[in-house]
Each structure stands twice: as structure tokens, then as C-alpha cells.
Amino acid sequence: MTTRKQASGFLVLGFCASIFSVQAAEIIQVETTGSRSQSVLGSTVIPYKEVSLSAQIPGVVKYVAGPVGTNLTEGGVVFKIDESQLIAKRNAVIAQISIAQAALQNAQAQYYRELTSPRSKDIGAMPGFGMPAMFDRMAVKPFAESFMGGYDTDAVRQGDLSNVMASVSQAQGQLQQANSQLQEIDSALRDASALAPFEGIIMEKMVEVGDTVQPGQPLIKYGYVKYKRLQADVPSGLVGNLSKDMLLPARIDGSTNTSVRVSEISPVADPNRHTVTVKFDIPMEINTAPGMYAEIYVPENKKGNNQVTIIPRTALMKGSSLPGVLVVKDDNTSELRMVRLGSEQNGGSKVSIISGLNPGDKIIDNPPVGVTSGWMPTSTNAQPTTITH
């Protein structure tokens, strides 16, 4: 019996609360106030600098500096790829260099020998105590040079010199080729380890130890977060009101109010969205993290019109992902209309409307949660209330 009475009490309380919320709703009239209009632009906190570190060689990841948020100094190892295959290739190239150096030394020795003791004049080139070679040198060659004219000792020596010089050049080329291969492998070994280009933290990790990677595959996002910025896509019609080093009010994460400075305005607009990317510097004392949402209040330049449309913040539909209000039509019904919000007014109790409403429109203030188009307050004959400011 007691449980039934408690349940009945809860139903009565819920019904009374529902009646109270419906009765709290009222029809008000949209008005304007004399102040400078501002547009509210959504933005994101970004690091001052950010780079994406990719794999330069194929292989298996054997080391990662740590999880997201790990601090590193400039030159610290961010990740490392297994280089055992490269080391084996390097040892093979070192062996090739040793062989090429020996071949070059031999070729140079043969060249020096030919230069100082030509083989064309060597009397010991034939067996028999040099008698055949001596007879050839003393009798046959002078006879051939004098009477037959078909033998030229200088030409033979020049050919021998050219032959040994070619051997020297070939040995030098092989040594240079081996040294170039060694330099290439050393460069790949350096690329096996990614070093931090500046002081910062790991912002995103896309790899784990043991993963197989390929050249060009992004592995780590690294950023300098000692200083932070806001990045916003400003409509092209508003970007003309901004200038470098201009200070603008902003609200970060829905709670922190501050001023941000225009640091960079992109000279190129997005042809699809017709927006310009603008970056704003955040004061160092503001505690933020990359990825946080922020709002920036950008001034609007309306020539000859300084009136701003305002409504109470309580008139906005509750539980809606997009800002909207219930507008009262001439047939005494309501329709849901999406609006674009501007800056806060009167300490946050009111908000300016950039688009979606006109001065003189009638809207429903304090609409209950869950109502849709067509809903009207209980007292449909209630007169519109003029909002004060």
C-alpha cells in the first residue's frame, strides 16, 4: 500500500512539473539592440607546429618511443625499424670495397712497372737465359724497323701503357661504385630511425612494435605544443574584416574566455566551401589541449546598420544538435526554424542572431524539451512579450 502511494505521488509530481514547464513557455517578440554584430565561428585547437613522420625503408618496427603524449627532446628517437638486413648488405659492400682496393693497388703497380720498365724492352721475357729475347732485340727488331717498316717499338709501348691505364681506371670505378653503395646503405640505416625534429609530444601513434611497414606509410604524428593556436575556416565575406595581429574574443571548450591574436591568414580560399583558413595564437597561460573546440567572435561589417537581432538564450530548443527556435506563424501555430548564433549579450542571458530571424518575429520562449513544429503554449491567446535588454 505504501509503495502504491509513493508511485502515485511521483506521478502527481511529474504531472505538475510538466504543467509548470508548459505554463512557463510564453510568446515573445524578437527585437534588436544597438551594438556591433559578431559572427561566431567554430574552430579547433592545434599545435604550433605539427609533422607526420613516415617510414622511409621497408621492415619491421622494433622500437616506439612511447604512447600518445610522450615528451621528446629535439633529436630523440621516435621510432626505429629493424635494420639487420641493411647491416648484412653493408658488410657485403665493405668486402667489395676491400677487393676493389686490392685490385686498384695491383693495377697501379702494373702501371708503375710498365712506366719504368716497359715489357716491350724486357730481355728476360723468354726462357734460355734471355738469348732469344736478346737476339730479337739486337737483330730482328732493327732489321724489321730498317728494311720492312712494319714494327714500331714506341707504338707497342704506348699500347701497353694504355692497357695498364685502363686497368687502373676500371679498378678506380669499381672502388667508387662500392663506396657509393656503402653511402646508400648508410643513408638507409639513418632512415631506419626517425628523430624528433623539435621538442614536442607524440600526438597520434599509428604503429606498434612488430608491425611491418612500407616506405611512405605514416607512423607517428608529432607536434610542438608549448604554444598552441586556433584554426578556423572563415567565410570569404568576413575574412576582409580581419588583419594580422588583430585581437578577437574567443571561448575555449565552452568555459574559458580569452582573447586570441590573428597570426596567419591564408592567401587562398577554398573553391568549394568559399572559406579562408585563418590561424589565431592562444595566450600561453590558457590551459588547452590539441583537438579542443573553441568559438571565435568575428566582427561583421554591416554598412549603415549597427542593429543586432537578439533573443533570450532560453528560447533556443533544448536537446537539439543545431540551434533552433519555434517561430509563431500567422495561423497561431509554430514552426521550427534553424538560426545562426552570434555573440552573447547581457552577460550571457541573451544571444545575438546572425541569420534565421527578423526583427518583429514572434517566437516561443522556454519551450519544453521534446516539442516539435506546431506546438503552442497552453494559453494561445497570450499576447507577445517584448524582451528587454
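Residues numbered from 1 in each chain as written. Predicted model: local features only at pLDDT ≥ 70, side-chain atom pairs only at ≥ 80, totals over all residues. Heavy atoms only, no water.

### A look at the overall build of the protein
Then, in step 1: A tally of regular secondary structure across the protein gives five helices and 21 strands.
Then, in step 2: When contacts within the protein are restricted to residue pairs at least 6 apart in sequence, those whose partners lie at least 24 apart make up 73%.
Then, in step 3: For the protein, the computed accessible surface area is about 22800 Å², with 53% contributed by carbon and sulfur atoms. (Helix = DSSP H or I, 4+ residues; strand = E, 2+ residues; numbered from the N terminus. Contact = heavy atoms within 4.5 Å. Areas by Shrake-Rupley, 256 points an atom, 1.4 Å probe, with all protein chains shown as cover.)

### Let's talk about unusual backbone geometry
Then, in step 1: The backbone of H274 sits at a positive phi, close to 55 degrees, despite the residue not being glycine.
Then, in step 2: Inspection of the secondary structure assignment puts H274 in the loop between β12 (256-269) and β13 (275-281).
Then, in step 3: Not every positive phi belongs to a glycine, and N332 is a case in point at roughly 65 degrees.
Then, in step 4: By secondary structure assignment, the location of N332 is in the loop between β16 (324-328) and β17 (334-338).
Then, in step 5: Classification of N332 by relative accessible area gives partly exposed; the value is 33%. (Buried < 20%, exposed > 50% of the residue type's maximum accessible area, 1.4 Å probe, protein only.)

### As for the side chain of S263
Then, in step 1: Structurally, the position occupied by S263 is in strand β12.
Then, in step 2: By relative accessible area, which is 9% here, S263 ends up buried.
Then, in step 3: In terms of polar contacts, S263 uses its side chain to reach the side chain of D281, at 3.5 Å.
Then, in step 4: If we ignore the near neighbours within four places in the chain, the residues touching S263 are R229, K244, K279, F280 and D281. (Polar contact = N/O pair within 3.5 Å; in protein donor to acceptor, adjacent residues only side chain to side chain.)

### Some points on the packing of aromatic side chains
Then, in step 1: According to the stated counting rule, one finds five aromatic pairs in the structure shown.
Then, in step 2: The structure contains a cluster of three or more aromatic residues connected by ring pairs, namely Y48, F198, Y222, Y224 and Y227.
Then, in step 3: Seen from the ring of Y224, K49 lies directly overhead, with NZ or CZ sitting 5.5 Å from the centre. (Phe/Tyr/Trp six-rings, centres within 6.5 Å; stacked < 30°, edge-to-face > 60°. Lys NZ or Arg CZ within 6 Å of the ring centre and 35° of its normal.)

### A closer look at the pairing of β16
Then, in step 1: The buried count for β16 comes to five of five residues, which makes it a mostly enclosed element.
Then, in step 2: Neither face of β16 is left uncovered, since the one carrying G324, L326 and V328 and the one carrying V325 and V327 both have all their residues buried.
Then, in step 3: For β16 and β17, the ladder comprises five bridges, and the chain directions are antiparallel. Residue pairing for β17: V328 is matched across the bridge by S334.
Then, in step 4: Counting the residues between successive antiparallel strands, the hairpin from β16 to β17 contains five residues, one of them, N332, with a positive phi of roughly 65 degrees. (Pairing = 2+ DSSP bridges.)

### A short note on the confidence of the model for the protein
As a note on interpretation, predicted positions should not be read in detail where pLDDT is low.
Then, in step 1: Averaged over all residues, the pLDDT of the protein equals 80, while 77% of them reach at least 70.
Then, in step 2: The spread of mean pLDDT over the elements of the protein runs between helix α1 (residues 2-24), the lowest at 46, and β13, the highest at 94.
Then, in step 3: Across residues 1-23, where pLDDT falls below 50, the model places five contacts with residues more than four positions away in sequence or in other chains. (pLDDT = per-residue confidence, 0-100.)

### A word on the nonpolar core
A general feature of soluble globular proteins is that nonpolar side chains tend to end up buried together.
Then, in step 1: Among the nonpolar cores identified, the biggest contains 22 residues, and F79 and I220 are the most heavily contacted of them.
Then, in step 2: Sorting the residues of this core by element identifies β4 (59-64), β6 (77-81) and β10 (218-235) as the ones contributing at least two each.
Then, in step 3: V276, F280, A294 and V298 belong to the second-largest nonpolar core, a separate cluster that totals 21 residues. (Core = buried A, V, L, I, M, F, W, Y, C linked by side-chain atoms within 4.5 Å.)

### A look at the pattern of salt bridges
Then, in step 1: For the structure shown, the criterion picks out twelve salt bridges.
Then, in step 2: Between D186 and R90 there is a salt bridge, and its shortest N-O distance comes to 2.6 Å. A residue pair is termed long-range when its members are at least 10 positions apart, and D186 in helix α4 (residues 153-191) and R90 in helix α2 (residues 84-116) qualify at 96 residues.
Then, in step 3: R337 is paired through a salt bridge with D361; the nearest N and O atoms lie 3.6 Å apart. Taken together, the residues span a long stretch of sequence, with R337 in strand β17 and D361 in the loop between β19 (350-355) and β20 (362-365) at a distance of 24 residues.
Then, in step 4: On the basis of relative accessible area, R337 is assigned to the partly exposed category, the value being 25%. (Salt bridge = Lys/Arg side-chain N within 4 Å of Asp/Glu carboxyl O.)

### Digging into the sheet that holds β4
Then, in step 1: With antiparallel pairing, the four strands of this open sheet are ordered in space as β7-β6-β4-β9. Looking at strand neighbours, the two that pair on one side only are β7 (193-195) and β9 (212-213), the edges of this open sheet.
Then, in step 2: Strand direction decides the pairing type here: β6 and β7, joined by three bridges, are antiparallel. Bridge pairing in β7 links K80 to S193.

### Things to note about a nonpolar patch on the surface
Then, in step 1: Together, Y48, Y227 and M284 make up a nonpolar patch on the protein surface, roughly 300 Å² of accessible area in all.
Then, in step 2: Inspection of the secondary structure assignment puts Y227 in strand β10. (Patch = residues over 30% accessible without salt bridge, like charges linked within 9 Å, V, L, I, M, F, W, Y side chains within 5 Å.)

### A few points about α2
Then, in step 1: Given a rise of 1.5 Å per residue, 33 residues ought to cover 48 Å, and the 48 Å separating the end C-alpha atoms of α2 matches this to within 8%.
Then, in step 2: Along α2, the residues that are buried comprise L86, V93, I97, A100, L104, A107 and E114. (Expected span 1.5 Å × (residues − 1).)

### Some words on the environment of G76
Then, in step 1: Note that G76 resides in the loop between β5 (71-72) and β6.
Then, in step 2: Spatially, the C-alpha atom of G76 lies 8.8 Å from that of F198, the residues being 122 residues apart in sequence.
Then, in step 3: Beyond its immediate chain neighbours, meaning those up to four positions away, G76 contacts A194, L195 and A196.

### A few points about the environment of I311
Then, in step 1: Within the element layout of this structure, I311 appears in strand β15 (residues 307-312).
Then, in step 2: By relative accessible area, which is 0% here, I311 ends up buried.
Then, in step 3: I311 sits 282 residues away from Q29 along the chain, and the two C-alpha atoms are 8.5 Å apart.

### Thoughts on the environment of P249
Then, in step 1: Turning to its location among the elements, P249 is positioned in strand β11 (residues 247-252).
Then, in step 2: Relative accessible area serves as the criterion here: at 35%, P249 is assigned to the partly exposed category.
Then, in step 3: Between the alpha carbons of P249 and E295 there is a distance of 8.7 Å; along the sequence they are 46 residues apart.
Then, in step 4: Look past the residues within four positions of P249 in its chain and what remains in contact with it is Q38, T258, S259, E295, I296 and Y297.

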